[in-house]
Amino acid sequence: MSLKPSKKDDPVHPIARPFLWLESKWFTASLVWVLGALAIGLGAIDFVHHRHDYLEFAQMPGFYALAGFGAFVLAVMGGWFVIRRFLGREENYWDGEAGDE
Amino acid sequence: MGRPAMSELFTHISPAWPIIFGGLIAAIVPNNNVRKVLALLAPILAGWCWYSLELGTYGVVEFGGFTLETLRYDAISRIWSLIFIIAAFLNGLYGLHEKDRVTDAAGLIYAGGALGAVFAGDLITLFMFWELTAISSVFLIWSARNKAATKAGLRYLAIHVLSGVLLLVGAIIHAGETGSWAFDHIGLDSPGGFLIFIAFGIKCAFPFLHNWLQDAYPKATVVGTVILSAFTTKMAIYALLRGFSGEESLIYIGAIMTVFPVFFAVVENDLRKVLSYSVNNQLGFMVVGIGIGSNLALNGTAAHAFADIIFKGLLFMSMGAVLHRVGTTKASELGGLFKSMPLTAFFCIIGAMTISAFPLFSAFVTKSMILAAVAEDGHWVVWIMLLFASAGVLEHSGIKIPYFAFFGHDSGRRVREAPVNMLMAMGLAALMCVYLGINYGKLYDLLPFQDAIYAPYTFDHIVGQMQLLLGAIFAFALLMRIGAYPSEKRSVNLDFDWVYRRFGDSLARWVWLMLDRMSAAAGNAWDRAMRGIGGRLYQVFSPMGTLSRDIPSGMLAIWTSALLAIVLIIAYFSP
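Residues numbered from 1 in each chain as written. Chains lettered and ligands numbered in written order. Predicted model: local features only at pLDDT ≥ 70, side-chain atom pairs only at ≥ 80, totals over all residues.

Focus on the overall build of chain A
Put simply, the rule reads: Strands are runs of DSSP state E lasting at least 2 residues, helices are runs of H or I lasting at least 4, and numbering of each runs from the N terminus. In this scheme the burial state of a residue depends on its C-beta neighbours within 10 Å: 20 or more other such atoms mean buried, 12 or fewer mean exposed, and anything in between means partly exposed; the C-beta positions come from the backbone.
Helix and strand counts for chain A stand at two helices and one strand. In sequence order, chain A lays out its α and β elements as α-α-β. Expressed as a percentage of the 101 residues in chain A, the buried residues total 22%.

Written as structure tokens, this is what we have:
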């Protein structure tokens, strides 16, 4: 007797089934390296192809890759260390707004 | 070659009217099926009217000594009216499953009101439709029928009616100064212009005037939020473009609008509120474009508004579907929903990639026009702010929304996929996001200034944009890997609305209390004083008083004596 649940009892949508590997450990573990390699690779294109831009400083090799990385980290840290630390409050701070919609 | 006969029936009829009348009929029709037919048919009729129009001014009405232009159809109103009609249709389709007469009626009247405002050729007509959108849209918030929505709706209504009042007063002053009620370039040279600027700024969600948006939108109904996201702010962008293009202060106002919501959205738990901050962020790009005022910048603003209505609507639709099925859009309660709502997840990812401006998606060909115009104008600090905001929007709308709702930590919730009509609306919106990103010439053909067309698909632009996006996505993966990404938790973050919701409310209560106490204290003091003076006078002048023992009683005698004494003193000291 198979322990595999029948399709009828399976709560996973049939369309989602082929994509369950998105949750696998190997995928999540390797994703950061793949993305890092892609970002560096795209930045490296600028060393072999001079990219023209409206502003001179934006023509620096890898400028946009560094800007994207830096801006993202700045946004997250700013949100975390400034907004949440100083402006974060309990969910029921505003009367009657704590519950789900 | 003549126009099709059917088309002639609709020539010179404002596309606003079929939608407004559809809404008025929906308000009185109890049958849900009839209302749903109206929700789809009215935008289709409006589309037919739009298709039948030729550039020009129609619908001129003399009323109360004013000349009202209700249908100014030119290169600017053409693109705005088309996207409003498309949005009205998508919203009607998205809301087919919902049996709520108030939402059906309000949604149509609101969309028609926004269309009417876009076609307004004078400030009186603009004011009337401006107020119609305010009054009709609040019912989309109140339809949620809970305490928080009721209070938020009241705040929303107060702020938007204020915007209308400022517009009217500003228009009167402006007309007094210029002798014209025409809704053309207004500028900030006069007090009237300044008031109109603030009126537009309220609906545009300028910094410090923005919190009505994050307050009200997440509290509206599932369908209501989607409808709200399309019209008010984009109508205001249109009005700003008409009245204040090239106004330099807008460059800096817009730049701030792009940046500050990023920080709030990062740590916001309610994903519909995250999208509301995202609305602010995208509006900022458009406001900057209006401030730059070049033909390329204004084209970019128009194109980005067009694209934004679709992709932002799509993102709100996907979160609405989650709310409809799961009952919450709190990121801390979600995760792993792609297993049960894979199509919704797919459409959400399309919306997320579009707002992030990936190549082949619409925002790639629209937002870059604004950035190019800013760079061409030499505003490099503003350009850097917009670049930061571009990475920021990837963070909160490109990654956070789909990741925390559909992937991330599996919440274990297993629900049904969204209703078919919701999927159809999302599918159409997603299709348009991709279509406009690839066949962008169709969008560019609608732009107001055909002498300033942009070439988005250059090797340099694609590489630069992909660098930015991949650099940011890598940062996300790295921060998650090392545990430096803030966890989602049930909380709220104070914003500027604290000033009027908590501080202002407390101040008003305190002032009221103080006035009450002062009034009581003043009353008591007056009573005491009167009692004291009166008592003393009584003791002195009453029939039983001191003076009555020696002096004839009666006030007349007293005063006569006093006056006599004064006269004698003056006479004595006179030269």
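Looking at the overall build of chain B
The test is simple: With C-alpha atoms as the basis for the radius of gyration, the globule rule is written as 2.2 Å multiplied by the number of residues raised to the power 0.38. A residue pair is marked as a contact if its C-beta atoms, positioned from the backbone, fall within 7 Å.
Regarding its fold elements, chain B presents 22 helices and three strands. Scaling as 2.2 N^0.38, a compact globule of 575 residues should have a C-alpha radius of gyration of about 25 Å, whereas chain B reaches 31 Å, well beyond that. By its C-alpha atoms, chain B is 110 × 65 × 60 Å across when sized along the principal axes. By the burial criterion, 55% of the 575 residues in chain B qualify as buried. In chain B, of all internal contacts separated by at least 6 residues, the share reaching a separation of at least 24 is 80%.

Here we look at unusual backbone geometry
Glycine aside, the phi torsion of most residues is negative, and most peptide linkages are trans. Residue and element names in this part refer to chain B. Phi at Ala-357 takes a positive value of approximately 70°, unusual for a residue other than glycine. Tracing the backbone shows Ala-357 in the loop between helix 14 (342-355) and helix 15 (362-376). For Ala-357, a count of 27 C-beta atoms within 10 Å puts it in the buried group.

Looking at helix 2 (residues 16-28) of chain B
Residues and elements named next belong to chain B. Rules: One less than the residue count of a helix, multiplied by 1.5 Å, gives the span that helix is expected to have.
The end-to-end C-alpha distance of helix 2 is 19 Å, a good match for the 18 Å that 13 residues give at a rise of 1.5 Å each. Within helix 2, the full set of buried residues consists of Ala-16, Pro-18, Ile-19, Ile-20, Gly-22, Gly-23 and Ala-26. The inward-facing, buried residues of helix 2 abut helix 3 (32-52), helix 4 (75-94) and helix 5 (101-119).

Re the packing of helix 12 (residues 271-292) of chain B against helix 13 (residues 295-326) of chain B
Residues and elements named next belong to chain B. Condition: Simply put, an axis is a line fit to the C-alpha atoms, just over the touching stretch for a helix, and the angle between two N-to-C directions goes from 0 to 180 degrees. Here the word oblique covers every angle except those under 35 degrees (roughly parallel), over 145 (roughly antiparallel) and from 65 to 115 (roughly perpendicular). By the convention adopted, Pro, Cys, Tyr, Trp, Phe, Met, Ile, Leu, Val and Ala count as nonpolar, Lys, Arg, Asp and Glu as charged, and the other residues, Gly among them, as polar.
Put simply, helix 12 and helix 13 touch, their axes get as near as 9 Å, and they point 175° apart. In this view, helix 12 runs roughly antiparallel relative to helix 13, as classed from their interaxial angle. Listed contacts from helix 13 to Leu-271, Arg-272, Leu-275, Val-279, Gln-282, Phe-285, Met-286, Gly-289, Ile-290 and Ile-292 of helix 12 are Ala-297, Leu-298, Gly-300, Thr-301, His-304, Ala-305, Asp-308, Lys-312, Leu-315, Phe-316 and Met-319. Along the lines of polarity and charge, the residues of the contact of helix 12 with helix 13 split into 13 nonpolar, five polar and three charged.

Observations regarding the interface of chain A and chain B
Between chain A and chain B, the residue contacts involve 50 residues of the former and 54 residues of the latter. Among the elements of the structure, helix 1 (25-48), helix 2 (63-87) and strand 1 (88-90) of chain A are those that each provide at least two residues to the side of chain A that touches chain B. Per element, the largest residue contribution to the side of chain A that touches chain B is 18 residues, and it comes from helix 2 of chain A.

Describing the nonpolar core
Residues and elements named next belong to chain B. Our working rule: Defined on buried residues, the nonpolar core groups Ala, Val, Leu, Ile, Met, Phe, Trp, Tyr and Cys residues joined through C-beta atoms within 7 Å. Segmentation into domains, and thus their bounds, comes from an automatic or database assignment.
The biggest cluster of nonpolar side chains holds 211 residues, and the ones touching the most others in it are Phe-84, Leu-314, Leu-386 and Ala-472. With 19 residues, helix 13 is the largest single contributor of residues to this core. When residues of this core are assigned to domains, at least three fall in each of domain 1 (1-243) and domain 2 (245-488). With near-sequence residues (within four places) excluded, Leu-314 lies in contact with Phe-347, Ile-350, Gly-351, Met-426, Ala-429, Ala-430 and Cys-433.

Some points on helix 16 (residues 380-406) of chain B
Residue and element names in this part refer to chain B. When the terminal C-alpha atoms of helix 16 are compared, their 37 Å separation across 27 residues agrees well with the 39 Å that a helix rising 1.5 Å per residue should span. Burial analysis of helix 16 places 23 of its 27 residues in the buried class, the great majority of the element. Backbone geometry just downstream of helix 16 places Gly-408 in the positive-phi region, at approximately 60°.

Some points on the pairing of strand 1 (residues 56-63) of chain B
Residue and element names in this part refer to chain B. Spelled out, the test is: Paired strands, in this sense, are two strands between which DSSP finds at least two bridges.
Judged from the seven bridges that link them, strand 1 and strand 2 (residues 66-73) form a sheet pairing that is antiparallel. What sits directly across from Val-61, in strand 2, is Leu-68. From the end of strand 1 to the start of strand 2, which pair antiparallel, there are two residues, and Gly-64 there has a positive phi angle of about 60°.

As for the environment of Leu213(B)
Residue and element names in this part refer to chain B. Along the chain, Leu-213 turns up in helix 9 (residues 211-216). Between the C-alpha atoms of Leu-213 and Lys-273, which are 60 residues apart in sequence, the distance is 8.8 Å. Residue contacts for Leu-213: discarding those within four places in its chain leaves Ala-205, Ser-276, Val-279 and Asn-280.

Examining the packing of helix 4 of chain B against helix 13 of chain B
Helix packing for two helices is described by the angle between their axes and how far apart those axes are. All names here are of chain B. Look at helix 4 against helix 13: their axes get within 9 Å of each other, and the N-to-C directions meet at 10°. Compared by their axis directions, helix 4 and helix 13 come out roughly parallel. Here Ile-79, Ile-83, Ala-87, Leu-90 and Tyr-94 of helix 4 lie close against helix 13, whose contacting residues are Ala-302, Phe-306, Ile-309, Gly-313 and Met-317. Taken together, the residues of the contact of helix 4 with helix 13 sort by class into nine nonpolar, one polar and no charged.

Comments concerning the confidence of the model for chain B
Put simply, the rule is: pLDDT expresses, on a scale from 0 to 100, how confident the predictor is about each individual residue.
Looking at chain B, the pLDDT average stands at 91 and 91% of residues meet or exceed 70. At the level of individual helices and strands, chain B shows its lowest average pLDDT in helix 1 (residues 5-9) of chain B, which scores 52, and its highest in helix 17 (residues 420-438) of chain B, which scores 98.

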